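Remarks on the overall topology
So you can see what is in the structure, the chains are spelled out below.
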Amino acid sequence: MPVTLDTSNQETTNLFEYCPPLAGRRILEVGCGDGRLTWQLARQAGEVVGIDPSEEKITLARANLPEDLKGKTEIHALGLEDFYSRNPKPDKFDLVLLSWSL
Amino acid sequence: MVHALELVRDLLRPGGKLLDLHPTGEPPIIGFVTSSRRTELGRLQETDGFIEYAQANHALAHALEAGWFKVERQGEFIFTVQADNIASLSQFLSENWKDSLLMPQIVEWAEQLAPLHSGSHIELSERVQITRFRLPGRIS
């Protein structure tokens, strides 16, 4: 593979060190991109919703979504404001991750 | 950005947490790495001078001042991108980091070194800030 991300594993290590306990929890990842962190979160959490305004990245994320995570992971090509406006009374989340997106 | 944080506040359950990851804005280091040595070739630049990260910090400061969140923990780590060669890194940047600037002298230097060191690779190292926030009120 010509390019590999987080080769020193510091992002993953720090992410899970800073996360609260995730078992059974509902998570919103803002800026999920191609799902790189989303799958890792979904393996530990109860439910993950990933959003990203890039249609291209979301298409890739949907193609890469692991089969065993499909029942607990949603992916949407939306920015935060659009996501919020389309869900006027959204179910709340235990954790919101601003993933390189602020 | 401030409005985004306002929406986040509304999306969290009582006791919920916000976790933010964003680069510090320090220009990332580009290194040429062999089995025995790491040579710093220079730093990646941006067309807008990494202004968005200062804006992110400003938005978070506003949110804290407004009392929307409290900081629970903050730290930094190094995010690394490894590329087989400078051309691969350049392509990756053009696809994923559109306002990045890879200076020609860095490319040239990497291209001069590569034939001399079999098995070498290029490494981009970026300093990232990670912060966990909680909603104000009872600590959970």
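The rules we used
One numbering rule holds for all chains: residues counted from 1, following each sequence as written. Lettering of chains starts at A and numbering of ligands starts at 1, both following the order in which they are written. Totals for whole chains, interfaces and linings use all residues, but because this is a predicted model, local features are given only for residues with pLDDT of at least 70 and pairs of side-chain atoms are given and counted only at 80 or more. For side-chain calculations, the full set of non-hydrogen atoms in the structure is used, while hydrogens and water are omitted. We call two residues in contact when some of their heavy atoms are within 4.5 Å. A 1.4 Å probe defines the accessible area here, and the buried area is the portion of it lost by two parts on being joined, summed over both. A pairing counts as a salt bridge when a side-chain nitrogen of Lys or Arg comes within 4 Å of a carboxyl oxygen of Asp or Glu. Each helix is a run of DSSP H or I of at least 4 residues and each strand a run of E of at least 2, with the numbering of both proceeding from the N terminus. Strands are treated as partners if at least two bridges between them are detected by DSSP. When a residue's accessible area, from a 1.4 Å probe over protein chains only, is under 20% of the maximum for its type it is buried; when over 50% it is exposed; and in between it is partly exposed. Both cavities and pockets are sets of points on a 1 Å grid over the protein atoms alone; in a cavity a 1.4 Å probe fits but cannot get out, in a pocket the set is open with protein on both sides within 12 Å along at least five of seven lines, and lining residues sit with an atom within 4 Å of a point. Grid points are joined across faces, edges and corners, and a volume is the space filled by probe spheres set on the points. Any residue outside Ala, Val, Leu, Ile, Met, Phe, Trp, Tyr, Cys, Pro, Asp, Glu, Lys and Arg is labelled polar, Gly included; the first ten of those are nonpolar and the last four are charged. Taking the helix axis as origin, the arc is that swept by the directions to the C-beta atoms. We call two N or O atoms a polar contact when they sit within 3.5 Å, provided that within protein one can donate a hydrogen and the other can accept it, with sequence-adjacent residues counted only if both atoms are side-chain atoms. Predictor confidence is given residue by residue as pLDDT, running from a minimum of 0 to a maximum of 100. Any cysteine sulfur atom paired with another within 2.5 Å is treated as part of a disulfide. Think of a nonpolar core as a cluster: buried Ala, Val, Leu, Ile, Met, Phe, Trp, Tyr and Cys residues, connected wherever their side-chain atoms sit within 4.5 Å. When two rings of Phe, Tyr or Trp (its six-membered ring) have centres within 6.5 Å they constitute a pair, described as stacked for plane angles under 30 degrees, edge-to-face for angles over 60, and tilted for the intermediate range. We call a charge positioned above a ring when the Lys NZ or Arg CZ atom is no farther than 6 Å from the ring centre and deviates by at most 35 degrees from the ring normal.

1. Regarding the interface of chain B and chain A
- Counting residues at the interface gives 39 residues for chain B, matched by 36 residues for chain A.
- Both faces considered, chain B and chain A share a buried interface measuring about 3,500 Å² in area, 63% of it formed by carbon and sulfur atoms.
- On the chain B side of the contact with chain A, Leu11(B), Arg13(B) and Leu19(B) bury the most area, a combined 21% of that side's loss.
- On the surface where chain B and chain A come into contact, there are 3 salt bridges.
- One salt bridge in this structure joins Asp94(A) and Arg13(B), with 2.7 Å as the shortest N-O distance.

2. Things to note about the pattern of salt bridges
- All chains considered together, the criterion is met by 14 salt bridges over all chains.
- For Arg73(B), the salt bridge is made with Glu17(A), and the minimal N-O distance between the two is 2.6 Å. Of the two residues, Arg73(B) sits in strand 5 (residues 70-83) while Glu17(A) sits in helix 1 (residues 10-18), which places them in two different chains.
- Within the structure, one salt-bridge network assembled from shared partners comprises Glu26(B), Arg43(B), Glu76(B) and Arg127(B).

3. Describing the pairing of strand 5 of chain B
- Alignment of strand 1 (residues 3-5) of chain A against strand 5 of chain B, held across 3 bridges, turns out to be antiparallel. Paired with Thr4(A) across the strands is Gln82(B), a residue of strand 5 of chain B.
- Bridge analysis of strand 5 of chain B against strand 7 (residues 121-134) of chain B gives 13 bridges, and the strand direction is antiparallel. The residue of strand 7 of chain B that forms the bridge with Ile78(B) is Arg127(B).

4. Things to note about the environment of Ala61(B)
Residues and elements named next belong to chain B.
- Along the chain, Ala61 turns up in helix 2 (residues 51-65).
- Relative accessible area serves as the criterion here: at 33%, Ala61 is assigned to the partly exposed category.
- Taking the C-alpha atoms as reference, Ala61 lies 9.4 Å from Val2; in sequence the two are 59 residues apart.

5. Notes on unusual backbone geometry
All names here are of chain A.
- In this structure, Asp6 takes a positive phi of about 55 degrees despite not being glycine.
- With respect to the secondary-structure elements, Asp6 resides in the loop between strand 1 and helix 1.
- Its relative accessible area of 7% is what places Asp6 among the buried residues.
- With phi around 60 degrees, Trp100 is a residue other than glycine that occupies positive phi space.
- With respect to the secondary-structure elements, Trp100 resides in the segment after strand 5 (93-99).

6. Considering the layout of surface pockets
- Taken as a whole, the largest pocket encloses approximately 1,500 Å³ of empty space.
- In terms of lining, the largest pocket is formed by 45 residues, of which the most central are Lys57(A), Trp100(A), Phe92(B), Asn96(B) and Trp97(B).
- Take the lining of the largest pocket: its biggest share by element is 5 residues, from helix 3 (residues 86-96) of chain B.
- A class-by-class count of the residues in the lining of the largest pocket yields 23 nonpolar, 11 polar and 11 charged.

7. Quick notes on helix 3 of chain B
- Within the span of helix 3 of chain B, buried status applies to Ile86(B), Ser88(B), Leu89(B), Phe92(B) and Leu93(B). Along the axis of helix 3 of chain B, the buried residues cluster in a sector spanning 155 degrees; they form a single face.
- The elements touched by buried residues of helix 3 of chain B are strand 1 of chain A together with strand 2 (29-33), strand 5, strand 6 (100-101), helix 4 (104-113) and strand 7 of chain B.
- The opening residue of helix 3 of chain B is Asn85(B), an N-cap whose side-chain oxygen sits 3.2 Å from the backbone nitrogen of Ala87(B).

8. Quick notes on the confidence of the model for chain B
- Averaged over chain B, the pLDDT score is 93; the fraction of residues at 70 or greater is 98%.
- ipTM for the predicted complex: 0.94, alongside a pTM of 0.91.

9. Re the state of the cysteines
Residues and elements named next belong to chain A.
- All told, the structure shown has 0 disulfides over all chains when counted by the stated rule.
- The thiol sulfur of Cys19 is not disulfide-bonded, and the nearest other cysteine sulfur, from Cys32, lies at 15 Å.
- Note on Cys19: relative accessible area 9%, which makes it buried.

10. Considering the nonpolar core
- Ranked by internal contacts, the top residues of the largest apolar core, which has 45 residues, are Leu19(B), Ile30(B), Leu89(B) and Ile122(B).
- In contact with Leu19(B), other than residues within four places in its own chain, are Leu15(A), Tyr18(A), Cys19(A), Leu95(A), Val96(A), Leu97(A), Leu98(A), Ile130(B), Thr131(B) and Arg132(B).

11. Observations concerning the packing of aromatic side chains
- By the definition in use, this model includes 4 aromatic pairs over all chains.
- Relative to Phe93(A), the ring of Phe83(A) lies with its centre 6.3 Å away and its plane at 45 degrees, an arrangement referred to as tilted. Taken together, the positions of Phe83(A) in helix 4 (residues 80-86) and Phe93(A) in strand 5 put the pair 10 residues apart, joining distant regions of the chain. Comparing Phe83(A) with Phe93(A), the two get one shared label, buried.
- The ring centre of Tyr18(A) lies 4.2 Å from the NZ or CZ of Arg73(B), which sits over that ring.

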